[in-house]
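The lines below spell out each chain.
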Amino acid sequence: MSSSLARQEALFHAALDLAKTARAGFLARECGDDPVLRARIERLLAAHEKSADTLEPPLSISAAESAPLPASIEVPGTRIGRYTLVEKIGEGGCGSVWLAEQDDFGRRRVALKLVKLGMDTADVIARFEAERQALARMDHPHIAKVFDAGATGTGRPYFVMELVRGIRLTDYCDQQACPLAERLRLFIDVCHAVQHAHQKGVIHRDLKPSNILVALHDGTAVPQVIDFGIAKATHGRLGGEARATAFDQFVGTPAYVSPEQADASERDIDTRSDVYSLGVLLYELTTGGTPFAAETLAQAGLGEMRRLICEVDPPRASQRLEQLEPARLAAIATARRTTSRQLLAAVRGDLDWITLRGLEKNRSRRYQTAASLAADVQRHLRHEPVEASPPRAAYLLGKLVRRHRAMFAAAAIVALALLGTAIVSLRLALAARTAERRAESEATAANQMVEFLQRDLLAPDTPEQTPVWDLRWRTMLDRADASLEGRFAGKPLAEATLRETLAASYRALGDHPAEVTQLARAFALRRQAGPPDQPPSFETQSRLAAALDATGRFVDAERHARTALAAQRRLAGPERPETLRTMQVLASILWNQGRLREAAALHKQTFDLRERVLGRDHPETLASMQELAQAYRGYGELISAQHWGRRVLEAKTRVLGPEHPATIIALNGLGMTQRALGQLDDAESLHRRALDLRRRLLGPEHPDTLISQTNLAFVFQDQARYEEAGRLDRETLEVKRRTLGSDHASTLNSLSILAIITLAQGRAAEAVALHESVLATRRRTLGPEHPETINSLHLLAIALRENDRIGDATSLFAEALALRRRVLGPQHPDTLRTQEEFGRARLLAGEFAAALELLTDVLAAREQPSPRAWRTAAVRSEVGAALAGLQRFELAERHLHAAHHGLLHADDPIPPAQAAIVRITATRLAQLYRQWNKPAQAERWERLATTEPTAAR
Amino acid sequence: MPDLTLGLNQLDRGEAASADRLLRLVYAELRRIAASRMSRETGSHTLQPTLLVHDAWLRLAGTRNWNWRNRAHFYGAAAEAMRRILIDRARRRRAQRRGGGQAPVTLDGLDPAAPAFDDDRWLALDEALEKLAAEDPAKARFVRLRFFAGLSLEEAALASGISPATAKRWWAFSRAWLFEEMRGP
């Protein structure tokens with residue numbers, strides 16, 4: 001190259017600053033004797049024109065981070081196409097709006113919207129052209145027409161619209177202090193305008209107050225919707241999914257955008273998306289704020305923003321108002337010429353339901369058209385009953401009946417037992433007679449009988465009446481079982497029905513093997529009795545699968561569940577409640593086999609179907625939501641677990657009431673998630689609430705009360721409050737021994753927990769003895785491959801390790817790991833936990849290569865879902881220690897530093913009981929530097945290791 | 001998590017080796033995030049390098065308020081790391097295409113979103129950038145920040161220590177220069 005880059009650049013810019021016509025002369029002068037340079041600059045100038053469109057970085061950047069774009073160069077008088085700019089009348093996120101005059105149209109005044117730089121102009125125009133015909137067909141007094149679109153000389157797209165001199169709807173209402181009724185009337189006008197556009201095939205996609213202007217015509221307020229067709233033309237220019245993930249591709253305005261529009265994967269936007277935005281507008285007109293505050297969304301980050309819009313239910317309009325500060329509420333009321341109290345009264349009820357219906361996440365449950373939304377608002381204004389109804393009304397109606405069946409159908413025989421032996425035999429005899437009398441229609445008889453048993457004899461809808469389980473009933477059940485033998489010869493369906501009821505009772509007692517026996521028998525009876533394709537027999541099979549699942553016979557369980565599911569889908573239909581129940585059973589079986597992804601996906605699928613088919617507040621939908629929360633927790637996606645946990649707790653509290661057993665389960669579930677997240681105070685208070693409720697409602701010896709007691713003990717253990725933990729657990733253990741017997745699975749659970757607490761208190765030998773006894777019993781009662789048995793093996797190995805019996809520990813770990821890999825799969829969290837503990841044993845034994853091999857896998861598995869969790873950092877610390885042992889100092893250093901940093905900056909707090917890991921890691925670093933012969937650094941880390949764990953921050 | 005703190009702090013103290021170290025950290029992190037996205041987002045084989053870079057920043061830098069100096073170092077490293085990932089991939093795929101084999105979906109899965117940027121164009125751009133770097137390394141760095149780390153004009157200006165006005169001129173000139181260069185003689 002003959003001439004320096006600097007000279008080329010100087011000439012390039014100098015020429016660029018000149019008008020095109022002046023450039024040739026300028027270059028001729030400047031490069032007179034250097035034709036090569038002159039040609040070069042000319043080529044660069046030509047390249048400049050082309051490269052502006054073709055050589056932009058293809059990588060977009062989030063709008064939140066990018067700085068504002070350079071100010072526009074348009075000034076009054078600038079000619080753009082057939083238009084002359086007169087005065088800038090607005091400036092917004094996507095460009096500026098000018099008052100302009102159209103030269104060839106009697107100097108018609110129009111609004112000209114200049115889109116900001118950075119858009120692919122040709123594409124925008126092409127999109128607009130595609131929409132132009134539809135736009136031209138719109139003719140409505142409340143719609144500002146879009147006339148034209150084109151590109152400026154600098155390549156920016158622009159749109160020409162009917163000029164509306166007005167202010168945004170919400171501002172108008174507030175400035176004029178419009179009463180609620182008047183706001184609603186304006187809103188109805190807007191709905192009709194949107195409806196008109198929809199009928200002409202135009203979706204707005206960006207409805208919001210700044211696109212709805214109010215102008216006064218002869219003293220009457222007339223709303224006008226502007227910008228139809230513009231959102232579509234200026235967005236999604238690449239159509240692809242990838243682009244749509246960036247902030248600047250977020251079509252619409254976050255506070256007003258529908259869930260399906262916010263969801264990047266949802267490309268199929270229809271008119272109901274506008275209906276949602278109208279719902280937001282109604283909410284704002286009513287309460288003075290959008291369902292999700294714009295600031296909250298702006299701060300949330302893209303993912304969180306999407307989650308809020310797609311998953312979180314906003315408070316009802318009246319709730320929103322109630323939550324406001326009194327002064328703020330008073331101001332909002334004043335702007336509607338009313339008092340706080342009157343405003344609340346006016347909003348509560350109809351307007352709550354209308355807005356909620358408009359804001360439905362699922363568009364099929366939203367108002368289907370803008371017109372139907374308007375009609376409901378109209379009905380409200382006329383004091384007619386509205387179409388929208390409280391989402392739970394249907395449920396409330398059927399609630400009592402359903403509660404009997406869904407929650408307590410299981411315990412029919414147990415309830416009988418409450419009334420005493422005599423009554424049991426009497427009722428059974430009665431039931432048998434009932435069945436016999438209706439020999440011709442046996443199935444009907446059986447149904448009636450069960451209904452009778454369940455409805456008339458069992459009414460534990462009030463918690464005080466919930467039976468207290470104990471050994472006596474077990475005896476009663478066994479007796480009932482025996483009394484069924486031979487009494488129903490020739491009446492297989494009646495016997496099947498009763499055995500199913502018995503099975504449910506065994507289930508309630510936690511005796512799953514007995515439940516399996518009853519259900520297997522009932523299933524066989526049904527198959528031999530009726531035609532092979534009878535739906536009820538598959539419901540029985542589905543329950544059999546669930547029972548097998550509970551006994552740990554996963555392979556059999558899965559086989560039955562899949563057979564039942566296939567049959568139910570075929571015979572009953574894929575969306576029938578009973579089919580969905582089998583899906584839930586199958587998901588649980590998959591989960592227990594460690595097939596977590598499959599399980600979580602199936603739970604989600606079940607939840608979605610139930611939400612659609614049964615409604616979002618149906619108890620089974622809520623049960624699915626609970627499962628989903630638990631699946632996320634088990635999966636390690638704790639934030640999702642927390643979100644769903646809170647959501648299900650809120651829904652159950654609202655629908656079922658704060659003291660319903662299912663609500664307490666939700667309290668419990670959220671408590672466990674909070675514990676896993678290290679939110680120990682919150683976990684403690686949730687579990688305490690659950691425990692207090694259960695003690696009060698169910699009594700101190702009810703199994704559920706004991707579960708809560710155990711959960712609380714776990715929290716104490718994490719908080720290093722071992723005394724309290726031990727006391728609580730021993731209490732639990734005593735009750736269980738007395739009521740369930742020493743060999744019961746639940747009793748063994750408590751014993752196992754006691755062993756864990758004992759170990760944490762440093763009494764390793766004692767812990768070993770306790771675990772050994774639990775293991776022996778479990779091997780006997782559950783079999784050697786039951787997950788609980790393997791867990792005992794795992795815990796015993798840990799206790800042995802801590803008791804310095806490394807050799808014994810190693811062989812047990814190897815056994816436990818092999819079993820877990822086979823039974824649960826290699827990626828199951830429990831398997832990984834065994835692998836991690838095994839790795840630590842290897843580390844203690846000085847077998848670094850073996851340790852490294854074990855721990856590397858664990859690290860990889862933890863890192864992926866939760867890179868910033870303290871547990872991940874803890875494993876990394878172990879990996880670092882193993883590397884140090886292998887003298888791979890540099891790598892060890894990197895891991896240990898990262899681990900130390902990760903522990904100090906983990907997303908989840910380290911529970912006090914585990915806090916030592918920070919110091920251990922510092923010590924490991926010190927040791928590393930000693931070995932590496934770096935005494936200065938070693939000393940530094942030794943100092944850190946002896947000071948408070950947070951001192952290194 | 002690799003310890004970015006160390007990398008950035010050392011940069012502040014001017015330790016030469018840590019620039020390379022930072023690059024390695026960022027490179028590994030980008031690949032890791034990309035891989036985990038790929039395994040999670042089944043069905044979608046396109047990822048946005050820019051988002052990756054920003055995610056990597058968020059993840060590596062955590063919640064601390066790093067100043068722009070640290071950030072500039074990071075984005076410099078990120079641009080280089082992303083450049084390597086993109087260019088390696090383009091080369092590999094081109095080689096495979098020439099070898100007659102079918103281009104597999106690679107682990108990186110980094111498909112720049114713009115259809116205009118196919119493999120050949122990336123390679124041509126990279127080549128042109130090399131030439132620009134030989135003549136004016138500062139501008140080449142600046143352009144790489146725009147193309148490979150996805151920085152806006154303003155951000156790239158800040159990271160390069162120049163004013164927005166200068167950045168605009170640099171950009172106009174470099175772009176025209178590269179365009180001309182890529183078109184070939």
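Small disclaimer: the values here were computed from a predicted structure and weren't measured. (Residues numbered from 1 in each chain as written. Chains lettered and ligands numbered in written order. Predicted model: local features only at pLDDT ≥ 70, side-chain atom pairs only at ≥ 80, totals over all residues. Heavy atoms only, no water.)

Glancing now at the overall build of chain B. Secondary structure summary: chain B contains 8 helices and 0 strands in total. Listed N to C, the secondary structure of chain B is α-α-α-α-α-α-α-α in terms of helices and strands. With 185 residues in all, chain B has 54% of them scored as buried. Long-range pairs, those at least 24 residues apart, make up 61% of the contacts in chain B between residues at least 6 apart in sequence. Per element, the accessible surface of chain B, about 8000 Å² overall, is 51% carbon and sulfur. (Helix = DSSP H or I, 4+ residues; strand = E, 2+ residues; numbered from the N terminus. Buried < 20%, exposed > 50% of the residue type's maximum accessible area, 1.4 Å probe, protein only. Contact = heavy atoms within 4.5 Å. Areas by Shrake-Rupley, 256 points an atom, 1.4 Å probe, with all protein chains shown as cover.)

Attention shifts here to the overall build of chain A. When helices and strands are tallied, chain A shows 42 helices and 9 strands. Within chain A, the proportion of its 953 residues that are buried is 54%. Of the contacts formed within chain A by residues at least 6 apart in sequence, a portion of 62% connects residues at least 24 apart. Of the roughly 40400 Å² of accessible surface on chain A, 52% is carried by carbon and sulfur atoms.

A separate point is the packing of helix α6 (residues 137-148) of chain B against helix α7 (residues 153-160) of chain B. Residue and element names in this part refer to chain B. With their axes 10 Å apart at the nearest point, α6 and α7 run at an angle of 140° to one another. Relative to α7, the element α6 lies oblique. Helix-helix and strand crossings are classified by hand; for α6 and α7 the assignment is right-handed. Residues F142, L145 and R146 of α6 form the contact with α7, whose own contacting residues are L153, A156, A157, A159 and S160. Residue composition of the contact of α6 with α7, grouped by class: 6 nonpolar, 1 polar and 1 charged. (Axes fitted to C-alpha atoms, helices over the stretch in contact; angles between N-to-C directions. Parallel < 35°, antiparallel > 145°, perpendicular 65-115°, else oblique. Left-handed = near helix turned anticlockwise from the far one by under 90°. Nonpolar A, V, L, I, M, F, W, Y, C, P; charged D, E, K, R; others polar.)

Once that is clear, we can look at unusual backbone geometry. Residues and elements named next belong to chain A. Unusually for a residue other than glycine, A177 sits at a positive phi of about 50°. Among the structural elements, A177 can be located in the loop between α5 (169-175) and α6 (180-199). The phi dihedral of R205 falls on the positive side, at around 75°, and the residue is not glycine. Positionally, R205 belongs in the loop between α6 and β8 (212-217).

The next thing to look at is helix α33 (residues 745-760) of chain A. Residue and element names in this part refer to chain A. Look at α33: 23 Å from first C-alpha to last across 16 residues, which is about the 22 Å you get at 1.5 Å a residue. Regarding α33, the residues found buried are T747, L748, S750, L751, S752, I753, L754, A755, I757, T758 and L759. Those residues of α33 that are buried are in contact with α31 (703-718), α32 (722-740), α34 (764-781) and α35 (787-802). Following α33 by one or two positions, G762 adopts a phi angle in the positive range, close to 90°. (Expected span 1.5 Å × (residues − 1).)

Counting 69 residues, the largest nonpolar core has L169, F187, L278 and L373 of chain A as its most contacted members. When near neighbours in sequence (up to four residues on either side) are disregarded, F187 of chain A contacts L278, L281, L282, L285, L373 and V377 of chain A. Formed by 52 residues, the second largest nonpolar core is a distinct cluster that contains W122, L125, A140 and W170 of chain B. (Core = buried A, V, L, I, M, F, W, Y, C linked by side-chain atoms within 4.5 Å.)

What follows covers the sheet that holds β8 of chain A. Residues and elements named next belong to chain A. The 3 strands lie next to each other as β7-β8-β9, forming an open sheet whose pairing is antiparallel. Either end of the sheet is taken by a strand with one partner, and the two such strands are β7 (167-168) and β9 (220-225). Of the pairings in the sheet, the one linking β7 to β8 comprises 2 bridges and is antiparallel in character. Residue pairing in the sheet places I167 in a bridge with V214 of β8. (Pairing = 2+ DSSP bridges.)

All right, on to helix α27 (residues 619-635) of chain A then. Residue and element names in this part refer to chain A. The terminal C-alpha atoms of α27, which comprises 17 residues, lie 24 Å apart, in line with the 24 Å expected from a rise of 1.5 Å per residue. Most of α27 sits out of view: 12 of its 17 residues are buried. Taken residue by residue, α27 has P619, E620, T621, L622, S624, M625, Q626, L628, A629, A631, Y632 and R633 as its buried positions.

On to the side chain of Q674 of chain A, then. All names here are of chain A. Checked against the element boundaries, Q674 lands in helix α29 (residues 661-676). Exposure remark for Q674: the relative accessible area of 2% places this residue in the buried category. Within the structure, Q674 has its side chain in polar contact with the side chain of Q642 (distance 2.8 Å). Ignoring any residue separated from it by four or fewer positions in sequence, one finds Q674 in contact with Q642, R646, Q679, D682, A683 and L686. (Polar contact = N/O pair within 3.5 Å; in protein donor to acceptor, adjacent residues only side chain to side chain.)

The next subject is the pattern of salt bridges. In the structure shown here, the tally under the stated rule is 57 salt bridges over all chains. Of the charged contacts in the structure, one is a salt bridge between E180 of chain B and R43 of chain A, with a shortest N-O distance of 2.3 Å. Taken together, the residues E180 of chain B in helix α8 (residues 164-183) and R43 of chain A in helix α3 (residues 35-54) connect one chain to another. For R43 of chain A, a relative accessible area of 35% corresponds to the partly exposed category. Linked through salt bridges whose partners overlap, the residues forming this network are R801, E802, E837, R840, E878 and R924 of chain A. (Salt bridge = Lys/Arg side-chain N within 4 Å of Asp/Glu carboxyl O.)

With that settled, consider the pairing of β8 of chain A. With 6 bridges connecting them, β8 of chain A and β9 of chain A associate as antiparallel partners. Residue pairing for β9 of chain A: A215 of chain A is matched across the bridge by V222 of chain A.

Turning our eyes to something else, we now look at the side chain of D227 of chain A. Tracing the backbone shows D227 of chain A in the loop between β9 and α7 (230-234). Setting aside residues up to four positions removed in sequence, D227 of chain A forms contacts with K113, M161, H204 and N211 of chain A.

Attention now moves to the confidence of the model for chain B. All names here are of chain B. Taken as a whole, chain B shows an average pLDDT of 66; of its residues, 48% reach a score of 70 or greater. Within the model, pLDDT remains below 50 along residues 1-17, and this stretch shows 41 contacts once partners closer than five positions in the same chain are excluded. Contacts of residues 100-116 to residues separated by more than four positions or lying in other chains number 51 contacts, the stretch itself having pLDDT below 50. In the predicted complex, the global pTM is 0.43; the interface-specific ipTM is 0.75. (pLDDT = per-residue confidence, 0-100.)

Right, let's talk about the packing of aromatic side chains for a bit. For the structure shown, the criterion picks out 8 aromatic pairs over all chains. Arranged with centres 5.2 Å apart and planes meeting at 70°, the rings of F12 of chain A and F173 of chain B form a pair that is edge-to-face. You can see F12 of chain A sitting in helix α1 (residues 5-17) and its partner F173 of chain B sitting in helix α8, one on each of two chains. F173 of chain B matches F12 of chain A in its accessibility class, with the two residues each being buried. Relative to F838 of chain A, the ring of F813 of chain A lies with its centre 5.6 Å away and its plane at 20°, an arrangement referred to as stacked. With F813 of chain A in helix α36 (residues 806-823) and F838 of chain A in helix α37 (residues 829-844), the pair connects residues that are 25 residues apart, well separated along the chain. When sorted by exposure, F813 of chain A lands in the same class as F838 of chain A, which is buried. Pairwise contacts between aromatic rings join F889, Y929 and W932 of chain A into one cluster. In this structure, K934 of chain A packs its charged tip against the face of W932 of chain A, placed 3.7 Å from the ring centre. Directly above the aromatic system of W171 of chain B lies the positively charged group of R146 of chain B, at a separation of 4.3 Å from the ring centroid. (Phe/Tyr/Trp six-rings, centres within 6.5 Å; stacked < 30°, edge-to-face > 60°. Lys NZ or Arg CZ within 6 Å of the ring centre and 35° of its normal.)

Residues and elements named next belong to chain A. Across the 6 residues that make up strand β6 (residues 157-162), a large majority, 5, are buried. One ladder, built from 5 bridges, connects strand β4 (residues 108-115) with β6; its direction is antiparallel. Bridging from a neighbouring strand, A111 pairs with M161 of β6. Inspection of the sheet shows strand β5 (residues 146-151) paired to β6 by 5 bridges, in the antiparallel sense. In the sheet register, A151 faces β6, and the bridge partner there is P157.

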